[in-house]
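# Structural overview for review
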Amino acid sequence: MTDRIGIDELLERVRDGLDRVEPKDAFDAAAEGALLVDIRYAALRERDGLIPGALIVERNELEWRLDPQGSHRAPEAVSHDIRVVVICNEGYASSLAAVSLRQLGLHRATDLIGGFQAWKSAGLPVVR
């Protein structure tokens, strides 16, 4: 029999291995060359806007688009050493996504605490 855990415990476990960032830190990281990756679905992007310069990648395509060795990679996925900050709506799904990217060797992948909503609340740039 295997041990079973709930999503809250899983989220806590995966976050232990991430150097999660606050909105201002993500903004600064992007200015220094980090890749911000917005995994929110289209309806949320249309409703709330976009982070200027963020790469839009639907969650179900994330690993294929960011794997530097993948045949379907985005042009921005140039190396396993790139700093990636994954952004979802509120900072939950992005933690799981960042860990998945780390499993692909993107060892600097992390996520934004509070997601897009925290970015917006911090008064950082958003375009409609």
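Fair warning: this is a prediction, and the values are worked out from it, not measured in the lab.

## Remarks on the side chain of N89
- Along the chain, the position of N89 falls in the loop between β3 (84-87) and α5 (93-103).
- When its relative accessible area of 16% is taken as the criterion, N89 is described as buried.
- A polar contact is formed between the side chain of N89 and the side chain of Q117, at a distance of 2.9 Å.
- Discounting chain neighbours no more than four positions away, the residues touching N89 are R40, L44, R47, D48, G114, G115, F116 and Q117.

## Observations concerning the nonpolar core
- Of all hydrophobic cores here, the largest spans 22 residues; its most connected members are V37, L62, L66, V84 and L101.
- Listed by contribution, the elements that provide at least two residues to this core are α1 (7-16), β1 (35-38), α4 (62-66), β3 and α5.
- A total of 4 residues in this core trace back to one element, the largest contributor, which is α5.
- Counting residues in hydrophobic clusters, the runner-up holds 11 residues, among them L36, A54, L112 and W119.

## Some details on the environment of G123
- Residue placement: G123 occurs in the segment after α6 (115-121).
- Exposure remark for G123: the relative accessible area of 60% places this residue in the exposed category.
- Between the alpha carbons of G123 and P23 there is a distance of 9.4 Å; along the sequence they are 100 residues apart.

Rules and cut-offs
Residues numbered from 1 in each chain as written. Predicted model: local features only at pLDDT ≥ 70, side-chain atom pairs only at ≥ 80, totals over all residues. Heavy atoms only, no water. Helix = DSSP H or I, 4+ residues; strand = E, 2+ residues; numbered from the N terminus. Buried < 20%, exposed > 50% of the residue type's maximum accessible area, 1.4 Å probe, protein only. Polar contact = N/O pair within 3.5 Å; in protein donor to acceptor, adjacent residues only side chain to side chain. Contact = heavy atoms within 4.5 Å. Core = buried A, V, L, I, M, F, W, Y, C linked by side-chain atoms within 4.5 Å.

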